[in-house]
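Fold and geometry: a report
Chain residues, written in single-letter form:
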Amino acid sequence: MSKEIVVSGIRSTGHLHLGNYFGAIQNYVKMQDGYNCYFFVADYHSLTTHPDPKDLRENVFRVLAENIASGLDPEKVALYAQSDVPEIPELYLMLNMLAYKGELEKVPTFKDKVRQQPDNVNAGLLTYPVLMASDILIHKAVKVPVGKDQEQHLEMARNFAQRFNMRYGDYFPEPQVFRFNHDAVKIMALDGSGKMSKSENVNATIFLSDDDDTIKKKIMKAKTDAGPTEPNAAMPDYIQNLFLLMHLSSRPEVVDIYRSQYNNCNIRYGDMKKQLAEDMAAFVRPIRERAVELQKDEAALRKILKEGAEKARASASQTISGARKLIGINY
Ligand code: TYM
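Residues numbered from 1 in each chain as written. Predicted model: local features only at pLDDT ≥ 70, side-chain atom pairs only at ≥ 80, totals over all residues. Heavy atoms only, no water.

**A word on the overall build of the protein chain**
Note the following rule: Segments assigned H or I by DSSP are reported as helices when at least four residues long, segments assigned E as strands when at least two residues long, and all are numbered from the N terminus. With the radius of gyration taken over C-alpha atoms, the globule rule is written as 2.2 Å times the number of residues to the power 0.38. By the convention used here, residues are in contact when the closest approach between their heavy atoms is within 4.5 Å. We treat Lys and Arg as the positive residues and Asp and Glu as the negative residues; His and chain ends play no part in the count. For charged residues, the charge sits on one atom: NZ in Lys, CZ in Arg, CG in Asp, CD in Glu.
Along the backbone of the protein chain there are 14 helices and five strands. Against the globule reference of 20 Å for 331 residues, the protein chain gives a C-alpha radius of gyration of 21 Å, in line with a compact fold. When its C-alpha atoms are laid out on the principal axes, the protein chain stretches across 75 × 45 × 45 Å. Counted over contacts in the protein chain with a minimum sequence separation of 6, partners at least 24 positions apart contribute 79%. Between the averaged position of the 43 positive side-chain charges in the protein chain and that of its 43 negative side-chain charges there is a distance of 2 Å.

Spelled out as structure tokens, the structure:
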């Protein structure tokens, strides 16, 4: 039986953080043996915020290196840069004709961007979900491992696939969000201000490139409070987040100790954070060290990109020629 097709991407807008790792990359690594995987650096997507060309280049190599350092094997998956696959912007153009201004303006991530960068509300921002749908549909993917923040975009990808199929005949499968444990992992910023993100509040974000000391300092400053006053109280979301991070990086017995202290109202957050800081630093260390090594050999990374693009284009060119035929662009 042929393996199911999987696609996912990460924007090259900054350093990767624990949200990217636990929300996405960890799932990629688990999927690489059982599925036919296409994972890419979404460099075109990052142009919406007009990055400095030097930064963009550096970010692409770092994202690539950090994915490999996290356990992705370029021999097993197609690992490529979005901009190396020209069939993606071609499909984007086709799907743009099926996407409506009204629906795009309603997308929450678009509204957020309008608020964050009112002087740069460009057409690329508006049509971001169309490019994302093209990334996925270009390989006819059925499963897309992403964090919770991308669910709405996936729904739009399904809408565009359906619309294409209605107009031109059944062609694209409807891609679904995929996760191993069913629950969406959402890592919050350590100051409790919202989701951990590449561009906001670097002091409340743990990057895969942070050294041990930086990780420890950031965790020791994480938001806490005076602690629960009644047994088995509900946890505020910033405390829940610390427990989630501990669950992801510490041994289960350790998490149990602090959970039972919380439930008995005798938890000392300072101790908990110290333990978490140790365990998280130990967790990130091998990834950081390997990524640094990989980034020293740009030629090797470039070779990986080239081979990844070849695999991706083999699949993308088939999809695009089928789409062209259905649309009637085959003279
Ligand atoms: P991006 O680059 O913002 O994030 C990459 C992946 O990391 C997940 N993620 C998180 N998960 C949990 N907690 C967090 N705090 C957190 N922050 C980020 C994201 O859900 C994502 O899976 N639009 C996408 C990139 C993209 C894409 C695609 C993804 C472009 N085309 C096609 C899948 C398929 C984005 O901006 O992700």
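Picking up where we left off.
**Examining the domain arrangement of the protein chain**
For the record, the criterion: Throughout, the edges of the domains are those of an automatic or database domain assignment. As a working definition, buried area equals the accessible area (1.4 Å probe) given up by two parts on being put together, with both sides summed. What makes a salt bridge here is a side-chain nitrogen of Lys or Arg within 4 Å of a carboxyl oxygen of Asp or Glu, nothing more. Here a polar contact is recorded for every N or O atom pair within 3.5 Å, except that within protein the pair must consist of a potential hydrogen donor and a potential acceptor, and residues adjacent in sequence are included only if both atoms are side-chain atoms. Gly is placed with the polar residues, together with every amino acid not listed as nonpolar (Ala, Val, Leu, Ile, Met, Phe, Trp, Tyr, Cys and Pro) or charged (Asp, Glu, Lys and Arg).
For the protein chain, the assigned domains read domain 1 (5-178 + 297-327) and domain 2 (202-292). On the side of domain 2, 13 residues touch domain 1, which itself brings 10 residues to the contact. Summed over both partners, the interface of domain 1 with domain 2 comes to about 1,200 Å²; 79% of that surface belongs to carbon and sulfur atoms. It is L18, F22 and A69 in domain 1 that bury the most area against domain 2; as a group they hold 46% of the surface buried on that side. Where domain 1 touches domain 2, the interface holds zero salt bridges. Joining domain 1 to domain 2, the criterion identifies three residue pairs in polar contact (both at pLDDT 80 or more). Where the side of domain 1 that touches domain 2 is concerned, the elements lending two or more residues are α1 (18-31) and α3 (53-69). Split into classes, the residues belonging to the side of domain 1 that touches domain 2 amount to six nonpolar, three polar and one charged.

**Notes on the site of the ligand**
Definition in use: Any residue with a non-hydrogen atom lying within 4 Å of a molecule or strand is treated as near it.
Near the ligand you find 27 residues, and of these R11, Y128, D135, D149 and K198 are the closest. Those elements that provide at least two residues to the shell around the ligand are β1 (5-11), α1, β2 (36-42) and α8 (128-137). Looking at the shell around the ligand residue by residue, the class counts come to 12 nonpolar, nine polar and six charged.

**Focus: the packing of α3 against helix α13 (residues 269-295)**
Using the following cut-off: To obtain each axis, a line is fitted to C-alpha atoms, and for helices this fit is confined to the stretch in contact; angles are then taken between N-to-C directions over 0 to 180 degrees. Oblique is the label for any angle not under 35 degrees, not over 145, and not in the 65 to 115 range, which are roughly parallel, roughly antiparallel and roughly perpendicular in turn. The hand of a helix crossing depends on one turn: near helix anticlockwise from the far one by less than a right angle means left-handed, and clockwise means right-handed.
It is at 8 Å that the axes of α3 and α13 come closest, and there the two elements cross at 130°. In this view, α3 runs oblique relative to α13, as classed from their interaxial angle. In this structure, the crossing between α3 and α13 has a hand that is right-handed. Note on element contacts: α13 touches α3 through I287, R290, A291, L294 and Q295, opposite F61, R62, A65, E66, I68 and A69. Residue composition of the contact of α3 with α13, by class: seven nonpolar, one polar and three charged.

**Concerning the pairing of strand β3 (residues 78-81)**
To be explicit about the condition: Burial status follows relative accessibility: with a 1.4 Å probe on protein chains alone, a residue under 20% of its type maximum counts as buried, one over 50% as exposed, and anything between as partly exposed. A strand pair is defined by DSSP finding two or more bridges across the two strands.
A two-sided burial pattern is seen for β3, the buried positions comprising A78 and Y80 on one face and L79 and A81 on the other. Judged from the four bridges that link them, β2 and β3 form a sheet pairing that is parallel. Opposite F39, over in β3, you have L79 as the bridge partner.

**Considerations on unusual backbone geometry**
Positive phi values are uncommon outside glycine, yet H50 reaches one of about 50°. Along the chain, the position of H50 falls in the loop between α2 (43-46) and α3. For H50, a relative accessible area of 54% corresponds to the exposed category. If you check the backbone angles, K140 has positive phi at about 55° while not being a glycine. Here K140 shows up in the loop between α8 and β4 (143-144). Note on K140: relative accessible area 27%, which makes it partly exposed.

**What to know about the environment of L294**
Within the secondary structure, L294 is located in helix α13. By relative accessible area, which is 15% here, L294 ends up buried. Each C-alpha atom, one on L294 and one on L64, is 9.2 Å from the other, the two residues being 230 residues apart in sequence. Among residues more than four places away in sequence, those in contact with L294 are A65, I68, A69 and L301.

**Re the nonpolar core**
Just so we agree on the cut-off: Side-chain atoms within 4.5 Å are what join buried Ala, Val, Leu, Ile, Met, Phe, Trp, Tyr and Cys residues into a set we call a nonpolar core.
Counting residues in each nonpolar core, the largest one holds 64 residues, and the members touching the most others are L18, L190 and F243. The element that contributes the greatest number of residues to this core is α13, accounting for 10 residues. Viewed by domain, this core spans two of them, domain 1 (5-178 + 297-327) and domain 2 (202-292), each represented by three or more residues. Other than its neighbours up to four places away in sequence, L18 contacts G23, I187, M196, I206, L208, L245, M280 and V284. Counting residues in hydrophobic clusters, the runner-up holds 42 residues, among them Y92, L125, L126 and L154.

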